[in-house]
Amino acid sequence: MNKLSVFVAALLAGTMLIPGEGSAQTYKTQTIMAASANTPGSNHGVLLNRFKDIVEKESNGAITVKVYLGGTMGDEAANVKQLRNEELHIATLFTGNLTPNAPTANVLCLPYLFTNMEQAYAVLSDQDFRKELADDVAKESGARPLGWMIGGWRSITNSKKPITKLEDLQGLKIRVSPTAMQLAAFRAWGIEPHPMAWSEVFNALQQGVVDGQENMYVTNRDNKFWEVQKYMTEIHYMLWIGSVLVSDSWYQKLDADTKALVEKAVITAQNEEWANAEKEESDSKKLTLEHGMEVTILDPQEEERWKEKARGVWPEFVNTPEMKSLSEKALAIIAAMPKK
Ligand code: MLT
């Protein structure tokens, strides 16, 4: 076990509430509709299939979970609307793609909020923070986060040239998810990024509509971006954090046993995703290199310039009582962690 896995295991053992083992409950026969715009092998696909296994097994087949992957139920932003309308019951997506419908989820996208993955695990294990964020997001979007996924840094890929400094970014057409925070960060770095739905990205890269995009190594692997991208630059402005969302109106109507089973299945699948995230990311980096992508790591002094500019956008977003409260809580949790 590496250091991060040990940390995550201890954190999960100490702080995560896993609803108790199902005893003799009986469950109403029903079908749960689950979706992700990502591939079956992605962390989304693995998590939703794990959720399905647990729910179907523990309900003795009374509950069936239908999992729609690869965008067959539409794009990530569309999935949020489907949750609100109860056309879907559970969906996973990158949190940036939730923010147009739930601006408070921006608290997890604040540029340079986190300096390592442990901080994200600590913030998202804090029950008080989780509850407040879940209630705010549910109120804003009709979709309630019951769990969170944590991945690597969103690094920049492109097909044109290595990026070793801010100046190299200028003139490149970079796709970002349609989140105001990412638009603001890239504008602070001097370019006008291209917001685009996730399901359109591979084709846009292939056809040269955009030169590049930003995502973690795992996403690079899942989508074989090395077929259409040559260069990758590691920056540390934002961790890939995914939301495991349920339809809030559906969830509130569930009987207590079904609710507890849904929660247990989400938390179990979430915890397994957390425990594997670091290894998945380093394996995906290896594959990225094996497939011929050139990886550049920004010089720390150079990244200070990126950080200063991107942190400058915080006041634009930390401007509501909800964002103030949650960002203060996140910063306090991070500050209370032992220094490395
Ligand atoms: C995006 O860039 O839109 C997301 O990172 C895709 C995802 O859900 O992994």
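Up top you'll find the structure we're talking about.
Definitions and cut-offs
For every chain, the first residue of the written sequence is number 1, and numbering continues from 1 onward in sequence order. The model is predicted, so local features are restricted to residues of pLDDT at least 70 and side-chain atom pairs to those at 80 or more, both for listing and for counting; the totals for chains, interfaces and linings are taken over all residues. Where side-chain values are given, they derive from all heavy atoms of the structure, hydrogens and water being excluded. Counting from the N terminus, the helices are DSSP H or I runs at least four residues long and the strands are E runs at least two residues long. The reference for a compact globule is 2.2 Å times residues^0.38; the radius of gyration itself is calculated from the C-alpha atoms. Burial classification: accessible surface area is computed with a 1.4 Å probe over protein chains only, and a residue below 20% of its type maximum counts as buried, one above 50% as exposed, and the rest as partly exposed. Two residues qualify as a contact provided that any one of their heavy atoms is within 4.5 Å of a heavy atom in the partner residue. Accessibility throughout is a Shrake-Rupley quantity obtained with a 1.4 Å probe, and a residue counts as covered only by protein chains that appear here. In this tally, Asp and Glu contribute negative charge and Lys and Arg positive charge; neither His nor the terminal groups of the chain are included. To locate a charge, take atom NZ for lysine, CZ for arginine, CG for aspartate or CD for glutamate. What counts as a ring pair is set by centres within 6.5 Å for rings of Phe, Tyr and Trp (its six-membered ring), and what kind of pair is set by the plane angle: stacked under 30 degrees, edge-to-face over 60, tilted for all other angles. Consider each residue's heavy atoms; a residue with any of them within 4 Å of a molecule or strand counts as near. Definition of a polar contact: a pair of N or O atoms within 3.5 Å, with one able to donate and the other able to accept a hydrogen when the atoms are protein atoms, and with sequence-neighbouring residues admitted only if both atoms are side-chain atoms. Residues are sorted three ways: Asp, Glu, Lys and Arg are charged, Ala, Val, Leu, Ile, Met, Phe, Trp, Tyr, Cys and Pro are nonpolar, and all the rest, Gly among them, are polar. To get an axis, fit a line to the C-alpha atoms, keeping to the stretch in contact for a helix; angles then go from 0 to 180 degrees between the N-to-C directions. Each angle is binned into one of four classes, with values under 35 degrees roughly parallel, values over 145 roughly antiparallel, values of 65 to 115 roughly perpendicular, and all other values oblique. Crossings are classed by handedness, with left-handed meaning an anticlockwise turn of the near helix from the far one by less than a right angle and right-handed meaning a clockwise turn. Put simply, buried Ala, Val, Leu, Ile, Met, Phe, Trp, Tyr and Cys residues joined by side-chain atoms within 4.5 Å make one nonpolar core. Note: domain ranges come from an automatic or database domain assignment.

*Asks:* Even after reading the chapter, I still don't get the overall build of the protein chain, so can you show me in this structure?
*Replies:* Assigned secondary structure in the protein chain consists of 14 helices and eleven strands. Whereas a compact globule of 340 residues would reach a radius of gyration of roughly 20 Å, the protein chain reaches 20 Å, a difference of no more than 12%. With the C-alpha coordinates aligned to their principal axes, the bounding extent of the protein chain is approximately 60 × 45 × 40 Å. Taken across its 340 residues, the protein chain has 57% of its residues classed as buried. Partitioning the intrachain contacts of the protein chain with sequence separation of at least 6 by distance along the chain shows that 76% fall at a separation of at least 24. Carbon and sulfur atoms make up 53% of the accessible area of the protein chain, which amounts to about 13,900 Å² in all. Distance between charge centres in the protein chain, computed from 36 positive and 44 negative side chains, equals 1 Å.

*Asks:* Help me understand the packing of aromatic side chains, please; the structure alone is not making it clear to me.
*Replies:* Aromatic ring pairs: the centre-centre distance and the angle between the two ring planes describe each pair. Considering all chains together, one arrives at eight aromatic pairs under this definition. Seen from their ring centres, Phe202 and Phe225 are 6.2 Å apart, and the 15° between their planes marks the pair as stacked. Here Phe225 lies in the loop between α9 (217-222) and β9 (231-234) and Phe202 lies in helix α8 (residues 201-206), a separation of 23 residues in the sequence. Since its relative accessible area comes to 23%, Phe202 is described here as partly exposed.

*Asks:* It is not clear to me how the site of the ligand should be interpreted in this structure. Could you clarify?
*Replies:* By nearness alone, every residue bordering the ligand is listed as Asn38, His44, Glu76, Phe94, Asn97, Arg154, Arg175, Ser177, Trp198, Asn215 and Trp240. In the model, an oxygen atom of the ligand is placed 3.5 Å from a nitrogen or oxygen of the Asn38 side chain. Here an oxygen atom of the ligand and a backbone polar atom of Phe94 are 3.5 Å apart. Considered on its own, the ligand offers 270 Å² of accessible surface; in the complex 99% of this is hidden by protein. Partitioned by chemical class, the residues of the shell around the ligand number three nonpolar, five polar and three charged.

*Asks:* Explain the side chain of Glu76 to me, please; I cannot follow it from the model alone.
*Replies:* Inspection of the secondary structure puts Glu76 in helix α3 (residues 76-84). Of the polar contacts made by the side chain of Glu76, one reaches the backbone nitrogen of Phe94; its length is 3.2 Å. A polar side-chain atom of Glu76 sits 2.5 Å from a polar atom in the side chain of Asn97. The residues touching Glu76, leaving out its near neighbours within four places in the chain, are Ala37, Asn38, His44, Thr92, Leu93, Phe94, Asn97 and Trp198.

*Asks:* Just checking my understanding: could you explain the packing of helix α4 (residues 117-125) against helix α14 (residues 321-335) for this structure?
*Replies:* Any two packed helices are characterised by the angle at which their axes cross and by the distance between the axes. Interhelical geometry of α4 versus α14 gives an angle of 120° and a closest axis separation of 9 Å. If you check the angle between α4 and α14, you find them oblique. Classified by chirality, the crossing of α14 by α4 is right-handed. In this structure, α4 uses Gln119, Ala122 and Val123 to contact α14, whose residues at the interface are Ala330, Ile333 and Ile334. Considered class by class, the residues forming the contact of α4 with α14 number five nonpolar, one polar and no charged.

*Asks:* I'm lost on the nonpolar core in this one. Help?
*Replies:* Soluble globular proteins tend to bury their nonpolar side chains together. Counting 95 residues, the largest nonpolar core has Phe114, Phe129, Leu169, Trp189 and Trp306 as its most contacted members. At seven residues, helix α11 (residues 256-290) tops the list of elements feeding residues into this core. For this core, the domains that each give at least three residues are domain 1 (3-150 + 241-278) and domain 2 (155-238 + 284-335). Leaving out residues up to four positions away in the same chain, Phe114 has contacts with Leu108, Gln119, Ala120, Val123, Trp153, His236, Leu239, Ile241 and Ile334. Of all hydrophobic cores here, the second largest spans nine residues; its members include Ala37, Met196, Val201 and Leu205.

*Asks:* Is there a simple way to explain unusual backbone geometry in this structure?
*Replies:* Its identity as a non-glycine residue notwithstanding, Glu86 has a phi of 65°, on the positive side. Among the structural elements, Glu86 can be located in the loop between α3 and β3 (90-94).

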